[in-house]
Amino acid sequence: CGNGYCRECHEAATGRGANKMPTCPLCRAVFPKTQKEVRSLIVKRADDGRPFAQAEIGLGFYEGSEGFPLDKKKALKWFELAAEQCHPLALYYLALIHKEGEVVEKS
């Protein structure tokens, strides 16, 4: 759901804790099992306007990781959407993109 939860819950959800959680402790949704399901969920959350998901997609395009092709123009779009909501990771990468000057004029 993207609402965030404590480290202990994260470790349990990802199987690093003593007991693996089958569902999100906040919304009770079943955790995705494959990378494709994770990506689909992140895209859905990003389309719903969730800044953490928009920043994750931006990072995927920026690095060419998590099943996203390397595309810094698309990364810029997603970082801008998340940065409008003051997401710290998006703000950092937005500044980095402007500093590099590859996609936008160097500032």
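Residues numbered from 1 in each chain as written. Predicted model: local features only at pLDDT ≥ 70, side-chain atom pairs only at ≥ 80, totals over all residues. Heavy atoms only, no water.

## Considering the confidence of the model for the protein
Item 1. For the protein, per-residue confidence averages 83 on the pLDDT scale, and residues scoring 70 or more make up 79% of the total.
Item 2. Within the protein, the element-level pLDDT minimum falls on helix H1 (residues 7-13), averaging 66, and the maximum on helix H4 (residues 72-83), averaging 96. (pLDDT = per-residue confidence, 0-100. Helix = DSSP H or I, 4+ residues; strand = E, 2+ residues; numbered from the N terminus.)

## Some remarks on the packing of helix H2 (residues 35-47) against helix H3 (residues 51-63)
Item 1. Where H2 meets H3, the axes come as close as 7 Å, and the angle between the chain directions of the two elements is 125°. Judged by the angle between their axes, H2 and H3 are oblique. For the crossing formed where H2 meets H3, the hand is left-handed. Each of Ile42, Val43, Arg45 and Ala46 in H2 lies in contact with H3, whose residues at this interface are Phe52, Ala53, Gln54, Glu56 and Ile57. (Axes fitted to C-alpha atoms, helices over the stretch in contact; angles between N-to-C directions. Parallel < 35°, antiparallel > 145°, perpendicular 65-115°, else oblique. Left-handed = near helix turned anticlockwise from the far one by under 90°. Contact = heavy atoms within 4.5 Å.)

## Describing the nonpolar core
Item 1. Among the nonpolar cores identified, the biggest contains 19 residues, and Ile57, Phe61, Tyr62, Phe79, Ala90 and Ile97 are the most heavily contacted of them.
Item 2. Elements with a contribution of two residues or more to this core: H3, H4 and helix H5 (88-100).
Item 3. Not counting residues within four places of it along the chain, the set of residues in contact with Ala90 comprises Ala55, Phe79, Ala82 and Ala83. (Core = buried A, V, L, I, M, F, W, Y, C linked by side-chain atoms within 4.5 Å. Buried < 20%, exposed > 50% of the residue type's maximum accessible area, 1.4 Å probe, protein only.)

## Examining unusual backbone geometry
Item 1. For Glu66, which is not glycine, the phi dihedral falls at a positive 55°.
Item 2. Relative accessible area serves as the criterion here: at 47%, Glu66 is assigned to the partly exposed category.
Item 3. The phi dihedral of Cys86 is positive, around 65°, even though this residue is not glycine.
Item 4. Topologically, Cys86 is positioned in the loop between H4 and H5.

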